[in-house]
Protein chains: 4
Amino acid sequence: MIILIDPKISQSALHDLYRYLSDIGVLANPCSGGLRLEGAVERLDLPTLTALPGVLAVGEGMTLPLVQRKEDTEHSVVRVGEASFGKDYVCIAGPCAVESAEQILRIAHAVKSAGAHVLRGGCFKPRTSPYTFQGVGAEGIGWLVEAGKQAGLPTVCEVLSVEDLPLYGSVDMLQIGARNMQNFALLRAAAATGKPILLKRGMGATVEEWLASAEYILASGNPNVVLCERGVRHFATSARASLDLTTLPTVKARTHLPVIVDPSHACGDGRLVPSVALGVVAAGAMGLMIEVHDMPETALCDGPQAVTPAVLAELNGKIKRLGEIL
Amino acid sequence: MIILIDPKISQSALHDLYRYLSDIGVLANPCSGGLRLEGAVERLDLPTLTALPGVLAVGEGMTLPLVQRKEDTEHSVVRVGEASFGKDYVCIAGPCAVESAEQILRIAHAVKSAGAHVLRGGCFKPRTSPYTFQGVGAEGIGWLVEAGKQAGLPTVCEVLSVEDLPLYGSVDMLQIGARNMQNFALLRAAAATGKPILLKRGMGATVEEWLASAEYILASGNPNVVLCERGVRHFATSARASLDLTTLPTVKARTHLPVIVDPSHACGDGRLVPSVALGVVAAGAMGLMIEVHDMPETALCDGPQAVTPAVLAELNGKIKRLGEIL
Amino acid sequence: MIILIDPKISQSALHDLYRYLSDIGVLANPCSGGLRLEGAVERLDLPTLTALPGVLAVGEGMTLPLVQRKEDTEHSVVRVGEASFGKDYVCIAGPCAVESAEQILRIAHAVKSAGAHVLRGGCFKPRTSPYTFQGVGAEGIGWLVEAGKQAGLPTVCEVLSVEDLPLYGSVDMLQIGARNMQNFALLRAAAATGKPILLKRGMGATVEEWLASAEYILASGNPNVVLCERGVRHFATSARASLDLTTLPTVKARTHLPVIVDPSHACGDGRLVPSVALGVVAAGAMGLMIEVHDMPETALCDGPQAVTPAVLAELNGKIKRLGEIL
Amino acid sequence: MIILIDPKISQSALHDLYRYLSDIGVLANPCSGGLRLEGAVERLDLPTLTALPGVLAVGEGMTLPLVQRKEDTEHSVVRVGEASFGKDYVCIAGPCAVESAEQILRIAHAVKSAGAHVLRGGCFKPRTSPYTFQGVGAEGIGWLVEAGKQAGLPTVCEVLSVEDLPLYGSVDMLQIGARNMQNFALLRAAAATGKPILLKRGMGATVEEWLASAEYILASGNPNVVLCERGVRHFATSARASLDLTTLPTVKARTHLPVIVDPSHACGDGRLVPSVALGVVAAGAMGLMIEVHDMPETALCDGPQAVTPAVLAELNGKIKRLGEIL
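Parameters at a glance
- Residues numbered from 1 in each chain as written.
- Chains lettered and ligands numbered in written order.
- Predicted model: local features only at pLDDT ≥ 70, side-chain atom pairs only at ≥ 80, totals over all residues.
- Heavy atoms only, no water.
- Helix = DSSP H or I, 4+ residues; strand = E, 2+ residues; numbered from the N terminus.
- Rg over C-alpha atoms; globule rule 2.2 N^0.38 Å.
- Buried < 20%, exposed > 50% of the residue type's maximum accessible area, 1.4 Å probe, protein only.
- Contact = heavy atoms within 4.5 Å.
- Areas by Shrake-Rupley, 256 points an atom, 1.4 Å probe, with all protein chains shown as cover.
- Lys, Arg positive; Asp, Glu negative; His and termini not counted.
- Charge placed at Lys NZ, Arg CZ, Asp CG, Glu CD.
- Least-squares fit on C-alpha atoms with pLDDT ≥ 70 in both.
- Expected span 1.5 Å × (residues − 1).
- Arc of directions from axis to C-beta.
- Buried area = accessible area lost by both parts, 1.4 Å probe.
- Salt bridge = Lys/Arg side-chain N within 4 Å of Asp/Glu carboxyl O.
- Axes fitted to C-alpha atoms, helices over the stretch in contact; angles between N-to-C directions.
- Parallel < 35°, antiparallel > 145°, perpendicular 65-115°, else oblique.
- Left-handed = near helix turned anticlockwise from the far one by under 90°.
- Phe/Tyr/Trp six-rings, centres within 6.5 Å; stacked < 30°, edge-to-face > 60°.
- Core = buried A, V, L, I, M, F, W, Y, C linked by side-chain atoms within 4.5 Å.
- Domains from an automatic or database assignment.
- pLDDT = per-residue confidence, 0-100.
- Pairing = 2+ DSSP bridges.
- Right-handed = clockwise from strand over helix to strand, strands pointing away.
- Nonpolar A, V, L, I, M, F, W, Y, C, P; charged D, E, K, R; others polar.
- Polar contact = N/O pair within 3.5 Å; in protein donor to acceptor, adjacent residues only side chain to side chain.

## Details of the overall build of chain A
From N to C terminus, chain A includes ten helices and 14 strands. Here the C-alpha atoms of chain A give a radius of gyration of 21 Å, agreeing with the 20 Å that 2.2 N^0.38 yields for 326 residues. A total of 326 residues make up chain A; the buried ones form 61% of that total. Summarising the internal contacts of chain A: among those between residues at least 6 apart in sequence, 67% fall at separations of at least 24. Counting only carbon and sulfur atoms, one obtains 53% of the accessible surface of chain A, whose full area is about 11,700 Å². Separation between the mean location of the 28 positive side-chain charges and that of the 33 negative ones in chain A comes to 3 Å.

## Thoughts on the relation of the copies chain A and chain D
Relating one copy of the chain to the other takes a rotation about an axis and a shift parallel to that axis. Superposition of chain A onto chain D requires a rotation of 180 degrees combined with a translation of 0.0 Å along the rotation axis, giving an RMSD of 0.1 Å. The relationship between the two copies is best expressed as a two-fold rotation axis. Taking the C-alpha atom as reference, chain A places A:Gly204 closest to the rotation axis, 2.0 Å from it. Looking at the interface residues of chain A, 100% of them are also at the interface in chain D, so both copies use one shared face.

## With respect to helix α10 (residues 309–325) of chain D
Compared with an ideal rise of 1.5 Å per residue, which puts 17 residues at 24 Å, α10(D) spans 25 Å between its outermost C-alpha atoms and is within 8% of the ideal. All of the buried residues along α10(D) are D:Pro309, D:Leu312, D:Leu315, D:Asn316, D:Ile319, D:Leu322 and D:Ile325. When α10(D) is viewed along its axis, its buried side chains cluster within an angular range of 160 degrees and face the same direction. Residues of α10(D) that are exposed and angled more than 90 degrees away from the buried face: D:Ala310, D:Glu314, D:Lys320 and D:Glu324. Of the surrounding elements, those touching the buried residues of α10(D) are α10 (309–325) of chain C together with β7 (90–94), α3 (101–113), α9 (273–282) and β14 (287–291) of chain D.

## Let's talk about the interface of chain A and chain D
As a measure of interface size, the accessible area lost when the parts come together is often cited. Taken together, the contacts link 39 residues of chain A with 40 residues of chain D. Taken over both partners, the interface formed by chain A and chain D buries close to 3,000 Å², and the fraction arising from carbon and sulfur atoms is 55%. The largest share of the area that chain A buries against chain D comes from A:Thr128, A:Pro130 and A:Tyr131, three residues that together contribute 26% of it. Counting across the interface, chain A meets chain D through two salt bridges.

## Points about the packing of helix α5 (residues 184–192) of chain B against helix α6 (residues 207–219) of chain B
Residues and elements named next belong to chain B. Packing of α5 against α6 leaves a shortest axis separation of 8 Å and a crossing angle of 40 degrees. By the criterion of interaxial angle, the relationship of α5 to α6 is oblique. In terms of crossing hand, the pair formed by α5 and α6 is right-handed. Judged by residue contacts, Phe184, Leu187, Arg188 and Ala191 of α5 engage Ser213, Tyr216 and Ile217 from α6.

## Let's talk about the pattern of salt bridges
Residue and element names in this part refer to chain A. Following the criterion strictly, the structure yields 36 salt bridges over all chains and no others. Across the salt bridge formed by Glu229 and Arg201, the nearest N and O atoms sit 2.9 Å from each other. Of this pair, Glu229 sits in strand β12 (residues 225–229) while Arg201 sits in the loop between β11 (197–200) and α6 (207–219); the two residues are 28 residues apart in sequence, bridging distant segments of the chain. Comparing Glu229 with Arg201 shows no difference in burial state: the two are buried.

## Structural notes on the packing of aromatic side chains
Aromatic ring pairs: the centre-centre distance and the angle between the two ring planes describe each pair. All names here are of chain A. For the structure on display, the rule yields four aromatic pairs over all chains. Both rings, one in Phe184 and one in Tyr216, keep their centres 4.3 Å apart while their planes meet at 20 degrees; by these two values the pair is stacked. Linking Phe184 in helix α5 (residues 184–192) with Tyr216 in helix α6, this pair joins segments that are 32 residues apart in sequence. Like Tyr216, Phe184 is buried.

## Some thoughts on the nonpolar core
Within the largest apolar cluster, 162 residues are counted, with the highest numbers of intra-cluster contacts made by C:Leu199, C:Leu227, C:Val280, D:Leu199, D:Leu227 and D:Val280. At nine residues, helix α6 (residues 207–219) of chain D tops the list of elements feeding residues into this core. With sequence-adjacent residues up to four places away left out, D:Leu199 is seen in contact with D:Ile176, D:Met181, D:Leu187, D:Trp210, D:Ser213, D:Ala214, D:Ile217, D:Val225, D:Val226, D:Leu227 and D:Cys228. One finds A:Val67, A:Leu186, A:Ile217 and B:Ala282 within the second-largest nonpolar core, a separate group that totals 161 residues.

## Describing the domain arrangement of chain A
Taken domain by domain, chain A consists of domain 1 (2–59) and domain 2 (78–325). Relative placement of domain 1 of chain A and domain 2 of chain A: their C-alpha centres are 38 Å apart.

## Here's the deal with the side chain of A:Gln103
Residues and elements named next belong to chain A. In this fold, Gln103 is placed in helix α3 (residues 101–113). For Gln103, a relative accessible area of 3% puts it in the buried group. When near neighbours in sequence (up to four residues on either side) are disregarded, Gln103 contacts Pro95, Ala97, Val98 and His293.

## Comments concerning the confidence of the model for chain A
Scored by pLDDT, chain A has a mean of 91; 97% of the residues are at 70 or more. Predicted complex, confidence summary: ipTM 0.86, pTM 0.89.

## Considerations on the pairing of strand β9 (residues 155–158) of chain D
Walk down a regular strand and you will see the side chains alternate between the two sheet faces. All names here are of chain D. Alternating positions in β9 separate into two faces, Thr155 and Cys157 on one and Val156 and Glu158 on the other, with burial throughout. With two bridges connecting them, strand β8 (residues 118–120) and β9 associate as parallel partners. Following the sheet pairing, Leu119 is matched in β9 by Thr155. Note on the crossover from β8 through helix α4 (residues 138–151) to β9: the handedness is right-handed. Bridging between β9 and strand β10 (residues 173–176) involves three bridges; their strand directions are parallel. Its bridge partner being in β10, Glu158 is matched across the sheet by Gln175.

## Some thoughts on the environment of A:Ile104
Residues and elements named next belong to chain A. You can see Ile104 is positioned in helix α3. Note on Ile104: relative accessible area 0%, which makes it buried. Spatially, the C-alpha atoms of Ile104 and Val156 are 13 Å apart, while their sequence positions differ by 52 residues.

## Points about the packing of helix α3 (residues 101–113) of chain C against helix α4 (residues 138–151) of chain C
All names here are of chain C. Taken N-terminus to C-terminus, the directions of α3 and α4 make an angle of 35 degrees; their axes are 9 Å apart at the nearest point. Every pair of crossing elements has a handedness; the one defined by α3 and α4 is right-handed. Each of Ala101, Ile104, Leu105, Ala108, His109 and Lys112 in α3 lies in contact with α4, whose residues at this interface are Trp143, Leu144, Ala147, Gln150 and Ala151. Looking at the contact of α3 with α4 residue by residue, the classes come out as eight nonpolar, two polar and one charged.

## Some words on the environment of B:Thr132
With respect to the secondary-structure elements, B:Thr132 resides in the loop between β8 (118–120) and α4 (138–151). Sequence separation of B:Thr132 and B:Thr155 is 23 residues, and the distance between their C-alpha atoms is 25 Å. Those residues in contact with B:Thr132, other than ones at most four positions away along the chain, are B:Arg127 and C:Arg36. At 3.1 Å, the side chain of B:Thr132 and the backbone oxygen of B:Ser129 are in polar contact.

## Focus on the side chain of A:Thr250
All names here are of chain A. Tracing the backbone shows Thr250 in helix α7 (residues 247–254). Under the relative-accessibility criterion, Thr250 is labelled buried at 14%. A polar atom in the side chain of Thr250 sits 2.5 Å from the backbone oxygen of Thr246.

## Some thoughts on the environment of C:Val78
All names here are of chain C. Considering the arrangement of structural elements, one finds Val78 in strand β5 (residues 78–80). As a C-alpha pair, Val78 and Leu257 span 179 residues in sequence and 8.4 Å in three-dimensional space. Other than its neighbours up to four places away in sequence, Val78 contacts Ala83, Ser84, Phe85, Pro196, Asn224, Val225, Val226 and Pro258.

## Topic: the pairing of strand β11 (residues 197–200) of chain D
Residues and elements named next belong to chain D. Across the two faces of β11 the burial is the same, with Ile197 and Leu199 and Leu198 and Lys200 all buried. Examined bridge by bridge, β10 and β11 share three bridges and lie parallel to one another. The partner of Gln175 across the bridge, within β11, is Leu198. Taking the sense of rotation as the criterion, the β-α-β connection linking β10, helix α5 (residues 184–192) and β11 turns out right-handed. Strand direction decides the pairing type here: β11 and strand β12 (residues 225–229), joined by four bridges, are parallel. Following the sheet pairing, Ile197 is matched in β12 by Val225.

Here it is, written out as structure tokens:
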């Protein structure tokens, strides 16, 4: 049994809560976001407990009280600049990696024209091999932010370690990548910045684990999480990852958080991206994250999975008309 | 190295072919659809060989010469009644299992009104356990065909064994189910009926294996194959199967055969079906196979994954408008 | 609710059973192996029902009453010639495919000397592509049986279709391959021969499905089933299939049937076979099925996964000493 | 193309290397462990390049020059206290989580008596949910180290974040857990401590990715890596993870690093552990990591997957005799 507690609970309210619990013989151990209860939990009177000042929610077992959707709850809306994830269709676009000030500025203007709402671009890249391009580093963050400003787009950038977080002060949204989905120290530290978090699903993660990682962020006091599906490992290797379409309605039924999809990493081939992107939006994705490069053949990282700005513009045009059907 | 040979090749042309091969020291072993070559294959002159009368194609290794798409080939169109798979959007609909003459007639009219083009209904059901409902059997085939006639719909019905094939004379299209995708005896015998074949993907099959099973049918002289994706096994059990959206464009790039999707079996839950169905069509599926029941809660088989005729009608309405965008 | 009935039940006993059920308002529908009950099943008195003559067992839901292990049941022993699966370590060995009378005779003597107890060799081969070697066919069965006789080994041979069954009259054990694990018509027809059945696990099958397929055979009145694990599909393609070691103790805890392992198909590389084979026996496999060829480089089918008779002899020597530890 | 460079290369040797490369028109970009080459790499004379002072190795593409096994290389041996991974069988044992000074001391003596060579015990626990027990924290590390000293066992402990590393000064070996296998910042920082690293395989990681993560550590100048397989995700959920037995010989063929197995996490059930443990050692695992608790039913974390010290003693006895066979 878990009690979620308002981080701004008053001392006297906290005192009342502990007294209520100890009076009936329930042990309370602090945990992230509140208290874990043990002992005579059958004596709890849930309405009384829930009504105590500072008590946000009471849940059982492996529940995720902050992430789970309650019947009477509206969808959460996460704002990044003028984009509203969970309310409107949001398109995040940009290169896999920031390569130079010129490159990211050029692409920023191009994706803005093609209908994008948020600019992406990796500066520290998590790469399987230590010998492949690891990103331009700290300098690139400045280039990204400046490009976003000039093109009128908020920015999202992946963060790889707690130590790097101070470099991201001007970035609008922090991305936690698939490989770090269960890097709990990073989840907590990123949450503490107060910035909106884009949480990608791990390549071997179940939906339950993905939502539980989101719960870490919410339990740290940051409600602004956008979930991003990017495909999982599977035995049939026609594309890079398996983008299971049944996941979308399943996740949306479980959580009030906005869910978007990154088809570029799942496909690993830009030629597959437009049809897959249209498919996931038709199936209910609330947004897309698309890798775009104006010269894919020269990209320092993952060029083959990028699409051109022209392809993105055509895709966004179709999605607009799709929205009128749905 | 494989040579595909026209089944109607003349004796003299066959003789010429064998002489050409033996003259240059190439061994020719008969295989399904033609000859497998061994020995001095480096001496083959491909233009000469391909120009010989009765030689349809020459391929190497694990190629699938009949199923693979050549650059200059149009999509294949498979006609079943007035439905044209590969040309128009085709909706197959009906109950998981035929239960009675009344049930299938009632549902036939309902799905016709809801925009379906082909009527489905299983009579012999392949069930994991020997103790669950195995279908009404041979009698049901007559009910299905009669219901199709009265509602003006051609019919498709799954066949489980070679011995049952004579019962399917009045059915318009034979379905080979996921569990029998590599039941090669059944593939060959079904092909020999000349009827169009709906070939479902096995739950643990790669795309390559699925296409190779289609090649068995084509190599048996029956070109009328429609591929039906129904999801594969995966580790993340949010729904019954994983319906990987990257598969569709991958398969369509490899083969000229029409590809449709069965979202009902992948979802295992009728509430997920409409959004998933819309998604796969937006991503390029050329048709759908949907389980429909007018009283899902009383269905003898797989009731929870069925949708009602009203839901189907709404879905087909959206798909029509979607077609104007794509 | 399922009632399993002795196939040799007397007419009067069957009459008494039906009367008992109808008197309390329970509907009884024939199913494979017995009756499926519906209606007022809460009125059943299980001790009374179980005590009726001809009633073998009563089970609920998706249970597998014949395959499941009861606490007080000994392991089943399946005899094939002088080999006793489930009692002693049994080694099945031989080539992937029978190629000629000479080849199988030569290998039969070699594997006998190397400690094998049963001779294998495929005559009809299930191949992914229609253009690869499909086996020597019916003639090979005679060669296999004769080789077994001369070497003093019983034989096992894979059967692909119901129509081929009459050809297998002299074979001692029938193999149902991975691709046909859910070919229920074949399971029933093979069971009806009364011969012991070697049932391989499907490449995408769960343990539950594998056991349910065994239940089809037992419910058809044939108790002599040996389960053979051969690995399943997975995302990490270091070898051909994933041979999950946790499966063995899990399956053995669920069923009384003997369980052996085929490491050759899982590895797809003869160099990996000895260590994997030793590992599965140490983990509790009751036998092995190993592909052996005296000239792997010239084998018509799956040569790279075969080991030589010398390697098999060394492996069987180690396994004998391993048995003293376990 | 990658050049691995000795971290202690002299300035003049580095200068010579750069001059050689620029003279022939090859671009050299610093990367972890050396230089990544681009441009006119076809002009490189490999014998000349390899012979230059300070050049350790030259590799191509996605190769892992430090981790890969060269034909003429002996197995690496990693020493932790008196244990020699890669030379002798090494048994790591202890509780999932350190709970108190008394608990870890008691279990340390018990596993020492049962034949263990290294003591394990988690202090910071990575848990899927933020509401489950997260470990006793920094205090526990002192308890673990003291228990190891008193029982005469070196210690291994999992580290979750770069910031926590200073707390691990007295621990003999650092464990990088499955969830952090691609937390590259942590890999580099842990490597920099100079301590031996136990690198677990991620739950969705391929063998290639696992080895590439080890390459990060070696490329950071720390050669003391022990690989630990713990099973991966799969579709068949009989146990917690799939412990594919074909992985062991595959990994051992690719790398000179020692490879051990953790059957406890793969099984998730202590009753399955002994047979699986024996199986992996018979198949070539060079050691085991086993969770042991003297009172599994009261463990704060993962009690059901622990075995008792008595079970461990029996297992280690069997493994000793197994060693005489192998």
